[in-house]
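As a plain string of letters, each chain reads:
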Amino acid sequence: MTQPSQIELTVQKTQSPVAKKVPHTLDNHGKTRIDNYYWMRDDQRADTEVLHHLEQENQYADAVLKHTESLQQQLFEEIKGRIAKDDNSVPVKQGNYFYSNQVLGDNEYAIYRRAKDFAGTNSEILLDANELAKEHEFFSIGSLYVSPNDALLAYGEDTLSRRVYTIRIKNLDTGDYLNDRVEGAESDIAWQNDNKAFYYIKKNPQTLLGYQVYRHVLGTPQSSDTLIYEEFDDTYYTSLGKSKDGEQIFITHFSTETSGVSIIDANNPQAEAKPFYPREKGIEYSIAKLNDWYYIYTNYEAVNFRLMKVRKDNVQDRTMWQDVIAADKDTQLVDFTLFNDHLVYEQRKNGLSTVTVRQLSTGKEFPLAFNDSAFSAYFTGNYELTNSKFRVYYSSLTTPGTYYDFDLATGKPEILKQTPVLGDFDANYYQSERIMVSARDGKQIPVSLVYRKDKFKKDGTNPIYQYGYGSYGHTINPSFSSARLSLLDRGFVYAIAHIRGSEILGRPWYEDGKKLTKQNTFNDFIDVTRALTNEGYGSKDKVFAVGGSAGGLLMGAVVNQAPELYRGVAAHVPFVDVVTTMLDESIPLTTNEYDEWGNPNDKIFYDYMLSYSPYDNVSNQAYPNMLVTTGLHDSQVQYFEPMKWVAKLREMKTDNNALLFKTDMEAGHGGASGRFKRLKEDALEYAFFLDLLNEK
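The shown structure was predicted, so the numbers you read here are calculated from the model rather than taken from an experiment.

A. Focus on the pairing of strand S37 (residues 625-631). Where burial is concerned, most of S37 is hidden: seven out of the seven residues are buried. What you see with S37 is no split at all: Asn 625, Leu 627, Thr 629 and Gly 631 on one side and Met 626, Val 628 and Thr 630 on the other are buried throughout. Strand direction decides the pairing type here: strand S36 (residues 568-572) and S37, joined by five bridges, are parallel. Counterpart to Gly 568 in the pairing with S37 is Asn 625. As a crossover connection, the stretch from S37 through helix H12 (residues 640-652) into strand S38 (residues 659-664) is right-handed.

B. Spatial organisation of the environment of Ser 376. Within the fold, Ser 376 resides in strand S27 (residues 376-379). Look past the residues within four positions of Ser 376 in its chain and what remains in contact with it is Tyr 393, Tyr 394, Ser 395, Asn 477, Pro 478 and Ser 479. Of note is the side chain of Ser 376, whose polar atom sits 2.9 Å from the backbone oxygen of Pro 478.

C. Molecular detail of the UniProt feature "domain: Peptidase S9A N-terminal" (unreviewed entry) in the protein. Mapped onto the present numbering, the UniProt feature "domain: Peptidase S9A N-terminal" (unreviewed entry) falls on residues 17-418. The distance from the first to the last C-alpha atom of residues 17-418 is 47 Å, and the span holds 9% helix and 45% strand.

D. Representation of the packing of helix H3 (residues 69-81) against helix H13 (residues 677-692) within the structure. Packing of H3 against H13 leaves a shortest axis separation of 8 Å and a crossing angle of 130 degrees. By the criterion of interaxial angle, the relationship of H3 to H13 is oblique. The handedness of the crossing between H3 and H13 comes out as right-handed. Every residue of H13 that contacts H3 at Leu 71, Gln 72, Gln 73, Leu 75, Phe 76, Ile 79 and Lys 80 is listed here: Leu 679, Lys 680, Asp 682, Ala 683, Leu 684, Tyr 686, Ala 687 and Leu 690. Of the residues belonging to the contact of H3 with H13, the class tally is ten nonpolar, two polar and three charged.

E. View of H3. Taking 1.5 Å per residue as the helical rise, H3 with its 13 residues ought to reach 18 Å, and the 18 Å between its terminal C-alpha atoms agrees with that figure. Those residues of H3 that sit buried are Leu 71, Gln 72, Leu 75, Phe 76, Ile 79 and Lys 80. Take H3 and look down its axis: the buried residues cluster within an arc of 160 degrees, on one side only. Turning to H3, the residues buried within the fold contact helix H2 (48-65), helix H5 (485-488) and H13.

F. Representation of the sheet that holds strand S18 (residues 274-275) in the model. What the four strands build is an open sheet, ordered S15-S16-S17-S18; its pairing is antiparallel. The open sheet has two edge strands, strand S15 (237-242) and S18, and neither has a second partner. Here two bridges tie strand S17 (residues 259-265) to S18, and the two strands are oriented antiparallel to one another. Each residue of the ladder has a partner; that of Ile 263, found in S18, is Lys 274.

Reading guide: rules and limits
Residues numbered from 1 in each chain as written. Predicted model: local features only at pLDDT ≥ 70, side-chain atom pairs only at ≥ 80, totals over all residues. Heavy atoms only, no water. Buried < 20%, exposed > 50% of the residue type's maximum accessible area, 1.4 Å probe, protein only. Helix = DSSP H or I, 4+ residues; strand = E, 2+ residues; numbered from the N terminus. Pairing = 2+ DSSP bridges. Right-handed = clockwise from strand over helix to strand, strands pointing away. Contact = heavy atoms within 4.5 Å. Polar contact = N/O pair within 3.5 Å; in protein donor to acceptor, adjacent residues only side chain to side chain. UniProt positions renumbered as here; feature names shortened; annotations may be inferred. Axes fitted to C-alpha atoms, helices over the stretch in contact; angles between N-to-C directions. Parallel < 35°, antiparallel > 145°, perpendicular 65-115°, else oblique. Left-handed = near helix turned anticlockwise from the far one by under 90°. Nonpolar A, V, L, I, M, F, W, Y, C, P; charged D, E, K, R; others polar. Expected span 1.5 Å × (residues − 1). Arc of directions from axis to C-beta.

Put into structure tokens, the structure is as follows:
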């Protein structure tokens with residue numbers, strides 16, 4: 001066994017905060033639960049007792065970790081030292097300009113620019129986020145939206161980390177701001193083509209759900225804005241986008257299992273929103289426009305999605321929809337984008353991706369070549385139908401993020417930029433693997449691994465950092481992290497467990513890890529841990545598990561069900577009070593989650609959720625060393641979920657291991673704002689793990 005660490009020894013000598021208990025009775029479906037920490041919920045974030053307890057937890061964590069401060073600083077400087085202080089993004093053409101951003105020196109935020117050419121000749125500054133952020137502890141900008149005549153810039157800013165934006169308008173000719181300020185909005189914006197108005201999404205102030213689309217005419221008060229669309233089904237999200245030709249604005253309505261699109265004519269100031277095709281329960285679709293055709297990405301009679309097309313006059317007749325990429329039960333269609341005579345699409349089979357270019361006029365196609373077998377490839381910056389090249393952001397566990405332009409006619413690649421990694425980084429030092437692990441029910445779970453060659457021996461001695469998510473069909477693709485090098489260089493094996501609930505093996509892999517099959521997600525993660533140690537990838541005494549948000553739920557379930565497997569666990573903004581949260585429709589995003597977790601107003605789902613809910617299943621047993629983090633203003637997972645969870649763990653756990661709870665009193669779900677501030681969070685987590693190993 002590993003010797004006790006300084007953290008563990010300090011915990012034994014330091015008094016942890018003890019939360020008061022105020023029994024609160026919750027009765028559902030004939031069952032009674034007593035929640036002693038329900039009092040910790042304060043939607044206004046103003047209760048002095050709650051805030052005092054959070055501060056006590058922060059002080060306790062700081063006291064226990066005080067001896068790691070030099071290590072944290074060392075790690076922070078290490079990680080920061082790999083990042084180029086002065087860096088520029090690859091310019092992206094949109095309309096008459098090439099848009100880019102740059103970061104300089106120790107600035108936390110980007111400066112947004114545009115120029116008439118790719119080289120950036122005589123570029124002009126559109127926005128300096130550093131100047132805007134000066135008066136705020138937290139600052140975040142949504143995307144930038146330039147008007148069709150290139151004269152006005154609209155963007156949303158969030159200064160509280162609740163993902164509630166104020167939309168501001170800047171005159172790019174004069175540099176002055178218009179008086180228009182649209183409050184309580186999403187960050188999505190779409191301009192009307194006459195440059196006199198734009199569309200935005202209003203958020204419900206209680207649930208923070210974007211549910212209304214308004215047209216705002218410049219120079220008028222927000223109170224006079226015209227309601228264009230209202231979503232009455234509170235299980236749906238709403239987003240805005242624009243067709244590549246700029247002719248139409250798309251309102252996308254989407255829930256976990258159903259989606260649809262409404263269309264606004266961007267040329268008509270009086271336009272109404274018209275459904276592209278009626279929504280149907282269980283049918284998902286999104287659209288792209290090319291001349292008189294619509295291309296439809298859908299799961300209609302296609303569990304792994306297909307691409308279809310239809311002429312604009314025949315949209316409502318689904319018998320007229322034609323296959324472009326047919327359904328394939330073994331291959332998932334992941335993404336696509338269109339150009340005037342080309343279609344580019346990504347598919348995934350057996351957990352591995354391919355990207356293909358097809359010439360529409362001839363039907364001829366060819367795959368794009370990449371160096372790694374397991375990688376991440378994201379379509380980016382392809383805003384112009386007339387482009388002769390296709391841009392992709394590419395990364396793998398050993399390859400830093402790289403921007404490629406591929407010639408659509410030949411497939412010839414051009415590297416535009418690879419994210420610089422300063423210091424002595426050499427990709428040849430590192431090795432990645434994709435292995436398959438047998439789950440307890442016989443299913444094969446993909447696992448992506450990376451380690452430093454000269455620090456790794458397959459003899460069961462290395463520490464393992466195992467990451468997982470496993471919800472919403474979100475796939476954690478293998479991609480590069482310069483921060484992660486600080487662990488790899490110290491001998492860690494980094495593992496991504498591609499557990500059920502993701503779509504790494506297609507849509508059925510997701511379906512087998514949600515609602516009444518959610519336990520598969522937890523089983524898979526535990527089974528991966530056991531397989532990695534049994535096969536010699538790491539030591540049974542040196543396994544560290546990490547997850548955030550729904551991945552924090554994963555951590556909570558895992559430490560209840562198999563706590564003995566982990567030396568340490570980091571749970572970031574963890575969703576752990578599943579049953580109580582899902583029963584409360586006033587909590588942001590609850591109703592949108594029914595198709596993911598189930599609706600606990602139905603006893604079948606209530607009982608199943610209760611069987612795994614981390615908060616409800618805390619018991620009198622030993623737990624691993626744990627670091628739990630949250631943000632006071634989190635709009636996705638409310639701060640009181642991890643706060644209650646930690647209090648209950650303190651009450652019931654039987655061990656002397658560390659249980660540390662850190663709350664960023666200024667941040668929300670995404671953590672601290674700014675490119676360097678976020679690195680301190682990585683340094684904290686890494687120092688916590690390294691100290692538990694008595695390593696530096």
